[in-house]
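Residues per chain, in single letters:
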Number of protein chains: 2
Amino acid sequence: MSTNLQNNSDDNRLQAVTTLLEGGTLQQATKMLNALRPAEIAHLLESLPLTQRKVVWELLDEQAAGVVLLDVTDEVRESLLQEMDLADIVAATEGLEIDDLADLVKELPRHITWEVIDSLDHQYRERLESVLPYPEDSAGGLMNLDTVTVRAEVTIDVVMRYLRRLGEKVPKDTDKLFVVNRDGLYLGAISLSRILTNDPDDSVAEVMSLDIQPIPADWNEREVANRFEQHDLLSAPVVDEEGHLLGRITIDDVVDVIREEGEHQFMGHAGLSEDEDMFAPVLVSAQRRALWLGINLLTAFLASWVIRQFESTIDQIVALAVLMPIVASMGGIAGTQTLTLAIRGIALGQLSANNSRWLMIKELAVGGINSVIWAVVVGVIAGIWFQNTSIALLIAAAITINLLFAALAGAALPLLLEKLGIDPALAGGVLLTTITDVVGFLAFLGLATIFLL
Amino acid sequence: MSTNLQNNSDDNRLQAVTTLLEGGTLQQATKMLNALRPAEIAHLLESLPLTQRKVVWELLDEQAAGVVLLDVTDEVRESLLQEMDLADIVAATEGLEIDDLADLVKELPRHITWEVIDSLDHQYRERLESVLPYPEDSAGGLMNLDTVTVRAEVTIDVVMRYLRRLGEKVPKDTDKLFVVNRDGLYLGAISLSRILTNDPDDSVAEVMSLDIQPIPADWNEREVANRFEQHDLLSAPVVDEEGHLLGRITIDDVVDVIREEGEHQFMGHAGLSEDEDMFAPVLVSAQRRALWLGINLLTAFLASWVIRQFESTIDQIVALAVLMPIVASMGGIAGTQTLTLAIRGIALGQLSANNSRWLMIKELAVGGINSVIWAVVVGVIAGIWFQNTSIALLIAAAITINLLFAALAGAALPLLLEKLGIDPALAGGVLLTTITDVVGFLAFLGLATIFLL
């Protein structure tokens, strides 16, 4: 699935704005900018280096700012908030949906948070405070309060008149209404198409669907995403422990969760966050990268320490120094493949203690086959290259050992980390290569010391 | 975003079925299985090793098979199709939506394809043949033909009566109707909530929305996904060059695209496909992994060849052999971080020729800072470890050089590959580490040869 920059509208937009900015024709830039949708503006801001980003941000209409702030990643948001004074921020929060406002409020510096909350009218503030307790990555944090509810005993006709009265007030993305009883307990859901296609004299109770199970507010956002995907939902009700309807989650928020989950795995293997701003300030990036480089330096020194234990062996057979990186890297590659498979399996909820045994067996078999194949290939090449049979046999043995270790580690490590509450997507790669480096050097140089000296 | 295996319903399901299968109580297994939704069954099948997967597949009701086949990844689908004879497959295709059937048909072996197509009633076959030409990853390939269309001149009241006549025939996930003229040209869209909230005497023309722009059938699925995300769409019309309405794309298919895109990047860096079956047959996996290991072996031997050019240098200063992996690995880590950032940028359509210059400058600055920091750190440690100042200075210089190279390569490589039509997510990592290994060894051992001998 390769990108096609030619007919990528995002790219054209970026080009247009960049040209306008450099051309200095700000009026045109402003006009084109404010013709875009918030999500498009957000996408554009993320694509711009800090200086240009600042300029564009200033050209933006105030009322758009709030939604845009929500659409950009956390890091980009911070970079934009720094450009705003309190008045701007308060203005930006006006007209945001509750769940969005809640998310935004959580990102704001403490003192500003209260200023913003005070600026809200009483009823709105109460609703905000009712969702603030839920963590951002929970169903409660994802939910919105803009549900349209009806009672089971009324007729479809009554519902239709009710909707017509609501008119524009029916929230966007409303695909179904939720049915609750007098105490606000969730009973079921009725889709708009059901309302339109059924006999107006039927009661809601007769028509409503019971198989839209409500989502508990404390569910993790990943479970919510799986539920939406597996039940093909456009929106779903969220309830508290007693089953009272609290709000609803809509697919657009779930799409963001899925997007972020994928990026988390991909960025994580390089020690980056999914929120990483491509154009973060140099010092900020440098600091974060330094941390990751430092962690990896420790593992590199560990490998070196292992090598040094065999200094005298290398001193006598320099060929070992030439070939040892091959043993380590083959193990690293093979292990990473198994690790990647396992991490995805865990993220999808498809790999757990229940079937890990099977993955382990399969990966060992795969590793076994490849260890033999590549032991032979590398052995032969090395033997010819150095005109030395014992070195050939040696590296063959070392590669066999390391590839088998790699398969084991790659399959076992993620589940182990998961159990320990450590994010495999983040720590898995570093630990794995440490293992394959150490085992690789140890096996190769160790065997050499035993058999060649 | 770490998984939480405890309250992961998918996991519980997996556990339940595994126990039932091992307990041998097939009736219960069958009962629980067929109570699940197709997507849940698909998810479960993907989590099962081949033998168990086969058993579960046989327990499944025939009518569910078709949809399940579509929900599993391509590889798992193949493993399941092998269990089915022609009759099963034909039966499974019954009642599939056109876009789904089209996707499934494309996966079938040639001879079966025609059998299936022949088994369809004439009208259905014609519709199928109208979508088959579109590639699976295009808007045309994603679209479904189950659109409900209305004419601009009729009143809302007429539309409502029309919908009531359609009744159950209104396709699921219908959030809006499409407005076309006599020639089938797309004019606009009208949402169900709009229909419900407006005056029945208004004409469709007065109420319909014009800002749902139709998607050209030849758009790439990634562009479609961006459009859905940026415009918060639940469904969108697809048109041909002249603007005739061909069908509609629904969000559930777009969610799959987004999920696959994320997995493509993550799996790609390990040379795996996003369709990779966790429990693929050992020989199949072994073969694929072998290919990737082979490619990486070439780069490993290239690095070894570079090292061998300095055999005599290492022979005189063994410490070099101990320290050289550090120089290479630091470069690899730093480069991978930049590479990862760039690949995501390209995938999101946020990095292109327009702003690559900025990324290059920023990454060079970041790399510059870190190269200095780690040159000093590694230099000092190495100097103390080996009680040798010149080696300290040497490795410091080599690390500086390699980290700067890494930043440049990490930022430039993906865009270069993209231009060449090579998928950066797949080839980027291998090429980058080749560069950082070669540059690292060359710088370290080369400088040593010049200054220490």
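On a predicted model such as this, the values are computed, not experimentally measured, just so you know. (Residues numbered from 1 in each chain as written. Chains lettered and ligands numbered in written order. Predicted model: local features only at pLDDT ≥ 70, side-chain atom pairs only at ≥ 80, totals over all residues. Heavy atoms only, no water.)

Attention now goes to the sheet that holds strand β3 (residues 186-191) of chain A. All names here are of chain A. Here we have three strands laid out as an open sheet, ordered β1-β2-β3, and mixed in their pairing. Bordering the open sheet on either side are β1 (149-150) and β3, each of which pairs with just one other strand. Where β1 lies against strand β2 (residues 176-180), two bridges are found, and the strand directions are parallel. Its bridge partner lying in β2, Thr-149 is registered against Phe-178. (Pairing = 2+ DSSP bridges. Helix = DSSP H or I, 4+ residues; strand = E, 2+ residues; numbered from the N terminus.)

On to the domain arrangement of chain A, then. Once the domains are mapped, chain A shows domain 1 (2-142), domain 2 (149-248) and domain 3 (282-451). Taking only C-alpha atoms, the centre of domain 1 of chain A and the centre of domain 3 of chain A are 44 Å apart. (Domains from an automatic or database assignment.)

This part is about a negative patch on the surface. There is a patch of like negative charges on the surface, built from Asp-71, Glu-136, Asp-137, Asp-256 and Glu-260 of chain A together with Asp-232 of chain B. Here Asp-137 of chain A lies in the loop between α10 (122-131) and α11 (139-142). (Patch = residues over 30% accessible without salt bridge, like charges linked within 9 Å, V, L, I, M, F, W, Y side chains within 5 Å. Areas by Shrake-Rupley, 256 points an atom, 1.4 Å probe, with all protein chains shown as cover. Salt bridge = Lys/Arg side-chain N within 4 Å of Asp/Glu carboxyl O. Lys, Arg positive; Asp, Glu negative; His and termini not counted. Charge placed at Lys NZ, Arg CZ, Asp CG, Glu CD.)

One frequently used descriptor of interface size is the decrease in accessible area upon assembly of the parts. Counting residues at the interface gives 140 residues for chain B, matched by 139 residues for chain A. Surface buried jointly by chain B and chain A totals about 13600 Å² across both partners, of which 62% is contributed by carbon and sulfur atoms. In this structure, Glu-229 of chain A engages Arg-259 of chain B in a salt bridge whose closest nitrogen and oxygen atoms are separated by 2.3 Å. At the surface where chain B touches chain A, the tally comes to 38 residue pairs in polar contact (both at pLDDT 80 or more). For the side of chain B that touches chain A, the leading source of residues is helix α19 (residues 319-347) of chain B, giving 21 residues. Residues of the side of chain B that touches chain A, tallied by class, amount to 65 nonpolar, 39 polar and 36 charged. (Contact = heavy atoms within 4.5 Å. Buried area = accessible area lost by both parts, 1.4 Å probe. Polar contact = N/O pair within 3.5 Å; in protein donor to acceptor, adjacent residues only side chain to side chain. Nonpolar A, V, L, I, M, F, W, Y, C, P; charged D, E, K, R; others polar.)

A word on a nonpolar patch on the surface. A grouping of Val-372, Val-376, Val-380 and Ile-384 of chain A is seen on the molecular surface, where their side chains present a nonpolar patch of about 360 Å² in accessible area. Relative to the assigned elements, Val-376 of chain A resides in helix α20 (residues 353-386).

If you trace the three strands from one edge of the open sheet to the other, you get β1-β2-β3 (chain B), paired in mixed fashion. Either end of the sheet is taken by a strand with one partner, and the two such strands are β1 (149-150) and β3 (186-191) of chain B.

With that settled, the discussion passes to the relation of the copies chain B and chain A. Take chain B, turn it by 180°, move it 0.0 Å along the axis, and it overlays chain A with an RMSD of 0.1 Å. What the superposition gives is, in effect, a two-fold axis relating one chain to the other. (Least-squares fit on C-alpha atoms with pLDDT ≥ 70 in both.)

This part covers the packing of aromatic side chains. Taken as a whole and judged by the stated rule, the model has six aromatic pairs over all chains. Relative to Phe-301 of chain B, the ring of Trp-385 of chain A lies with its centre 6.1 Å away and its plane at 65°, an arrangement referred to as edge-to-face. With one member in each of two chains, Trp-385 of chain A in helix α20 and Phe-301 of chain B in helix α17 (residues 282-308) form a pair that bridges those chains. Its relative accessible area of 24% is what places Trp-385 of chain A among the partly exposed residues. An aromatic cluster of three or more residues is present, and its members are Phe-301 of chain A together with Trp-385 and Phe-386 of chain B. Over the aromatic face of Phe-386 of chain B sits the side chain of Arg-308 of chain A, whose NZ or CZ is 3.9 Å from the ring centroid. (Phe/Tyr/Trp six-rings, centres within 6.5 Å; stacked < 30°, edge-to-face > 60°. Buried < 20%, exposed > 50% of the residue type's maximum accessible area, 1.4 Å probe, protein only. Lys NZ or Arg CZ within 6 Å of the ring centre and 35° of its normal.)

Residue and element names in this part refer to chain A. With five of five residues buried, β2 is to be regarded as a mostly interior element. Side chains of β2 alternate between two faces, with Lys-176, Phe-178 and Val-180 and Leu-177 and Val-179 buried alike. Following β2, the chain reverses through five residues before pairing antiparallel with β3; Gly-184 in that reversal takes a positive phi of roughly 80°.

Take the confidence of the model for chain A next. All names here are of chain A. The pLDDT averaged across chain A works out to 90; a share of 97% of its residues lies at or above 70. Summarising per-element confidence for chain A, the mean pLDDT is lowest in helix α1 (residues 9-23) (74) and highest in strand β5 (residues 235-239) (97). The low-confidence segment residues 1-8, where pLDDT is below 50, has 22 contacts with residues more than four positions distant or belonging to other chains. Across the assembled chains, the prediction reports ipTM 0.89 with pTM 0.89. (pLDDT = per-residue confidence, 0-100.)

Residues and elements named next belong to chain A. One can describe the packing of helix α4 (residues 50-59) onto helix α6 (residues 74-81) by two numbers: an axis separation of 10 Å at closest approach and a directional angle of 65°. By the angle class used here, α4 and α6 are roughly perpendicular. For the pair α4 and α6, the crossing hand works out as right-handed. Residues Leu-50, Arg-53 and Trp-57 of α4 lie in contact with α6, whose contacting residues are Val-76, Ser-79 and Leu-80. In the contact of α4 with α6, the residues fall into four nonpolar, one polar and one charged. (Axes fitted to C-alpha atoms, helices over the stretch in contact; angles between N-to-C directions. Parallel < 35°, antiparallel > 145°, perpendicular 65-115°, else oblique. Left-handed = near helix turned anticlockwise from the far one by under 90°.)

Bringing the pattern of salt bridges into the picture now. If you walk through the whole model with that rule in mind, you get 38 salt bridges over all chains. Residues participating in the shared-partner salt-bridge network are Arg-222, Glu-229 and Glu-261 of chain A together with Arg-259 of chain B.

In this section: the side chain of Arg-344 of chain A. For Arg-344 of chain A, the position within the fold is in helix α19 (residues 319-347). Those residues within four positions of Arg-344 of chain A in sequence are excluded, and the remaining contacts are Gln-265 of chain A together with Glu-263, Phe-266, Met-267, Glu-274, Glu-276 and Met-278 of chain B.

A few words now on helix α16 (residues 251-268) of chain A. Between its first and last C-alpha atoms α16 of chain A spans 25 Å; for 18 residues at 1.5 Å apiece the expected length is 26 Å, and the two agree. Taken across its 18 residues, α16 of chain A has 16 buried, putting it largely inside the fold. (Expected span 1.5 Å × (residues − 1).)

Let us now look at unusual backbone geometry. Phi angles above zero are rare outside glycine, and Gln-387 of chain A is one such case at about 50°. Residue position: Gln-387 of chain A is located in the loop between α20 and α21 (389-419). Phi is positive for Asp-232 of chain B, close to 50°, though the residue is something other than glycine. Here Asp-232 of chain B is to be found in the loop between α15 (221-231) and β5 (235-239). Residue Asp-232 of chain B is classed as partly exposed on the basis of its relative accessible area of 35%.

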